[in-house]
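Descriptive structure summary
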Amino acid sequence: MRLLIVEDERRLALSLAKGLTAEGFAVDVVHDGLEGLHLAGEGTYDLVILDIMLPGMNGYRVCAALRAAGHETPILMLTAKDGEYDEAEGLDTGADDYLTKPFSYVVLVARVRALLRRRTRAGAAVLRVGELTVDPGSRQVSVGAREVVLTAKEFAVLEHLATRAGEVVSKSEILEHAWDSAYDGDVNTVEVHVSALRRKLGPGWITTVRGAGYRLVNSRA
C-alpha cells in the first residue's frame, strides 16, 4: 500500500514516515499543500495523511479539490486545532477520518489500517490466479488449502504481480509500487523478494522474462 503524508512539521512527518515504513507501507512525504494536491491528484496512493495548517494551500482546500476532481482516495486529516467545528469542517470537505495533535502513533496506525480495510472491502476484490489467492483486505495468501506467510514487502510485491497476472511487470514498476519514491537502494532488492516468494509459493508461479521483468502465471494451467 502506498501512503502520502502532507505535513509541514518536518520532524513529525519524517517520524510518521519512518514508523509507517516499518509497518510495511511505501510512504512519500511532502511539506506543502500545493505539492500534496499535485501528487495526490495523480491517483497512485491508497491513502493520504493530510495536515490542515499547510503552506501553499491548507488541508481543507486540498481535500475539497481532490473530492471535486472525483478522487476517492481515503484521507486522514491531522490538525493542531481542537473542537467539534474544526472536525466537522474537515469531514464536510470530504475527509474520511480526523486526528487532533498530539495523537497516539498506535491510534494513527489503527486508523490507517481501518480506512484501508474499508476501501478494500468496497473496491478491491480478492485476487485469484488458479489455486493462488491473494486477499488485500486481510493480507492473507494461500495456495489451495495451504496458507502462505509473507512479510509486508513480499506481500506488496505479490499483490502487484497478482493485480497484473499474466502481464510482464518490470522491476522499476514493482519498486514504484512497493517502495517509496525516495528509495535509492539496490534495484536487486526486487530479485531478493521475488526469490523469497518463489520459495514460499512453490515452483512455477513467478516466471522471469529476461530483460523485461516478471510474470505471475497459473502454475497448474
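Report follows, based on the coordinates. For every chain, the first residue of the written sequence is number 1, and numbering continues from 1 along that sequence. For this predicted model, a pLDDT threshold of at least 70 governs which residues receive local features, and a threshold of 80 or more governs which side-chain atom pairs are given and counted, while totals over whole chains, interfaces and linings are taken from all residues. Neither water nor hydrogens contribute to the side-chain values; these are computed over all heavy atoms in the structure.

Here's the deal with the overall build of the protein
Counting from the N terminus, the helices are DSSP H or I runs at least four residues long and the strands are E runs at least two residues long. The helix and strand inventory of the protein stands at eight helices and eleven strands. With a 1.4 Å probe rolled over the protein chains alone, any residue whose accessible area is under 20% of its type maximum counts as buried; one over 50% counts as exposed, and the rest are partly exposed. The buried share of the protein, taken over its 221 residues, is 45%. Contacts spanning at least 24 positions in sequence make up 55% of the contacts within the protein whose residues lie at least 6 apart. What sets the accessible areas is the Shrake-Rupley method with a 1.4 Å probe; for residues, cover comes only from the shown protein chains. For the protein, the accessible area works out to roughly 10900 Å², and carbon and sulfur atoms hold 51% of it. Pairs of residues are marked as contacts when any of their non-hydrogen atoms sit within 4.5 Å.

Some words on helix H6 (residues 152–163)
Its twelve residues give H6 an end-to-end C-alpha distance of 16 Å, which sits within 8% of 16 Å, the value for a rise of 1.5 Å per residue. Along H6, ten of the twelve residues are buried, which leaves the element largely enclosed by surrounding structure. Of the residues making up H6, those classed as buried are Lys153, Glu154, Phe155, Ala156, Val157, Leu158, Glu159, His160, Leu161 and Ala162. Take the residue count of a helix, subtract one, and multiply by 1.5 Å to get its expected span.

A short note on the packing of H6 against helix H7 (residues 171–178)
Think of each axis as a best-fit line through the C-alpha atoms, taken over the contacting stretch in the case of a helix, with angles from 0 to 180 degrees between the N-to-C directions. At a minimum axis separation of 9 Å, H6 and H7 run at an interaxial angle of 125 degrees. By the angle class used here, H6 and H7 are oblique. Our pair here, H6 against H7, has a crossing hand that is right-handed. Two secondary-structure elements touch here, H6 through Lys153, Ala156, Val157, Glu159, His160 and Leu161 and H7 through Glu173, Ile174, His177 and Ala178. The residue inventory of the contact of H6 with H7, partitioned by class, reads five nonpolar, two polar and three charged. Any angle from 65 to 115 degrees is called roughly perpendicular, while one under 35 is roughly parallel, one over 145 is roughly antiparallel, and all others are oblique. We call a crossing left-handed when the near helix sits turned anticlockwise from the far one by less than a right angle, and right-handed when that turn is clockwise. Under the convention adopted here, Pro, Cys and the residues Ala, Val, Leu, Ile, Met, Phe, Trp and Tyr are nonpolar, Asp, Glu, Lys and Arg are charged, and Gly plus all remaining residues are polar.

Points about the nonpolar core
Leu132, Val141, Leu158, Leu201, Ile206 and Leu216 are the most contacted members of the largest nonpolar core, which totals 27 residues. Every residue in contact with Ile206, bar those within four places of it in the chain, is listed here: Leu161, Val194, Leu197, Arg198, Leu201, Tyr214, Arg215 and Leu216. Put simply, a nonpolar core is a bunch of buried Ala, Val, Leu, Ile, Met, Phe, Trp, Tyr and Cys residues held in one set by side-chain atoms that sit within 4.5 Å of each other.

Details of the pattern of salt bridges
When a carboxyl oxygen of Asp or Glu lies within 4 Å of a side-chain nitrogen of Lys or Arg, that pair is called a salt bridge. In this structure the tally under the stated criterion is eleven salt bridges. With a closest N to O distance of 3.1 Å, Arg111 and Asp97 form a salt bridge. Separated by 14 residues along the polypeptide, Arg111 in helix H5 (residues 105–123) and Asp97 in strand E5 (residues 97–100) bring together distant segments of the chain. For Arg111, a relative accessible area of 28% puts it in the partly exposed group. Using a relative accessible area of 17% as the deciding quantity, one classes Asp97 as buried.

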